[in-house]
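# Tertiary structure, described
Single-letter residue listing:
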Amino acid sequence: QVQLVESGGGLVQPGGSLRLSCAASGRIFRVFAMGWYRQVPEKQRELVATITRDASTNYADSVKGRFTLSRDNANNTAWLQMDSLKPEDTAVYYCYLRSSSNILSNPNNYWGQGTQVTVSS
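Attention in this report is confined to the structure presented alongside it. (Residues numbered from 1 in each chain as written. Predicted model: local features only at pLDDT ≥ 70, side-chain atom pairs only at ≥ 80, totals over all residues. Heavy atoms only, no water.)

### Quick notes on the pattern of salt bridges
A complete count under the given rule lists four salt bridges for this structure. Ionic pairing is found between Lys-64 and Asp-61, a salt bridge with its closest N-O pair at 3.1 Å. Given the relative accessible area of 65%, Asp-61 is considered exposed. Note that Asp-89 is salt-bridged to Arg-66, the shortest N-O span being 2.8 Å. Of this pair, Asp-89 sits in the loop between β8 (77-82) and β9 (91-100) while Arg-66 sits in the loop between β6 (57-59) and β7 (67-72), and the two are 23 residues apart along the sequence. Judged by its relative accessible area of 1%, Asp-89 falls in the buried class. The class for Arg-66 is buried, based on a relative accessible area of 10%. Several salt bridges converge on common partners, so that one network encompasses Arg-38, Glu-46, Arg-66 and Asp-89. (Salt bridge = Lys/Arg side-chain N within 4 Å of Asp/Glu carboxyl O. Buried < 20%, exposed > 50% of the residue type's maximum accessible area, 1.4 Å probe, protein only. Helix = DSSP H or I, 4+ residues; strand = E, 2+ residues; numbered from the N terminus.)

Here it is, written out as structure tokens:
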């Protein structure tokens, strides 16, 4: 089993900042990617940012230049620094992990429980 524990969501005014963190634990042999997705009611979950083991990052166009994703490989922890937040960033943010449990197994996708981010004055 793999567990993802998220923290750092909350209410912030437009233009403000928040920092989300995600700590992965459990049967993790190799991490292929970590990152964040977000979802608003009645819409599909969408990519925010992901980072691979070799630190290659991928950001949604809507957050480029405002959000920064970083990762600690040794501790399987990732952080999403969100600056210049806008009301349209309001969503539930889900931590994402793609990992394998041993040298022979195929990787699986795992999700955190979600943390609410609300950007409002």
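So much for the structure itself; the text now carries on.
### Some remarks on the nonpolar core
Nonpolar side chains in soluble globular proteins tend to be buried together. Membership of the largest hydrophobic core comes to 29 residues, with the highest contact counts inside it found for Trp-36, Leu-80, Met-82 and Tyr-93. Elements that contribute at least two residues to this core include exactly β1 (2-7), β3 (18-26), β4 (30-39), β5 (46-52), β7, β8, β9 and β11 (115-119). Those residues in contact with Tyr-93 that lie beyond four places of it in its chain are Glu-6, Leu-20, Trp-36, Tyr-37, Arg-38, Val-48, Phe-67, Leu-80, Met-82, Gly-114, Thr-115 and Val-117. (Core = buried A, V, L, I, M, F, W, Y, C linked by side-chain atoms within 4.5 Å. Contact = heavy atoms within 4.5 Å.)

### Things to note about the side chain of Asp-89
Side-chain polar atoms of Asp-89 contact the side chain of Arg-38, separated by 3.0 Å. Among the polar contacts made by the side chain of Asp-89, one reaches the main-chain amide nitrogen of Lys-86 at a distance of 2.8 Å. Not counting chain neighbours up to four residues away, the residues in contact with Asp-89 comprise Arg-38, Arg-66, Phe-67, Ser-84, Val-117 and Val-119. (Polar contact = N/O pair within 3.5 Å; in protein donor to acceptor, adjacent residues only side chain to side chain.)

### As for the sheet that holds β3
The antiparallel open sheet is built from four strands, whose spatial order is β1-β3-β8-β7. Strands with a single pairing partner mark the edges of an open sheet, and in this sheet they are β1 and β7. Going from strand to strand, the sheet's axes swing by 15° on average, the running direction of each strand aside. Alignment of β3 against β8, held across six bridges, turns out to be antiparallel. Note on β8: the bridge partner recorded for Arg-19 is Gln-81. (Pairing = 2+ DSSP bridges. Axes fitted to C-alpha atoms, helices over the stretch in contact; angles between N-to-C directions.)

### Observations concerning a nonpolar patch on the surface
There is a patch of nonpolar side chains on the surface, built from Phe-29, Ile-103 and Leu-104 and spanning about 390 Å² of accessible area. Along the chain, Leu-104 falls in the loop between β9 and β10 (108-111). A relative accessible area of 78% means that Leu-104 is categorised as exposed. (Patch = residues over 30% accessible without salt bridge, like charges linked within 9 Å, V, L, I, M, F, W, Y side chains within 5 Å. Areas by Shrake-Rupley, 256 points an atom, 1.4 Å probe, with all protein chains shown as cover.)

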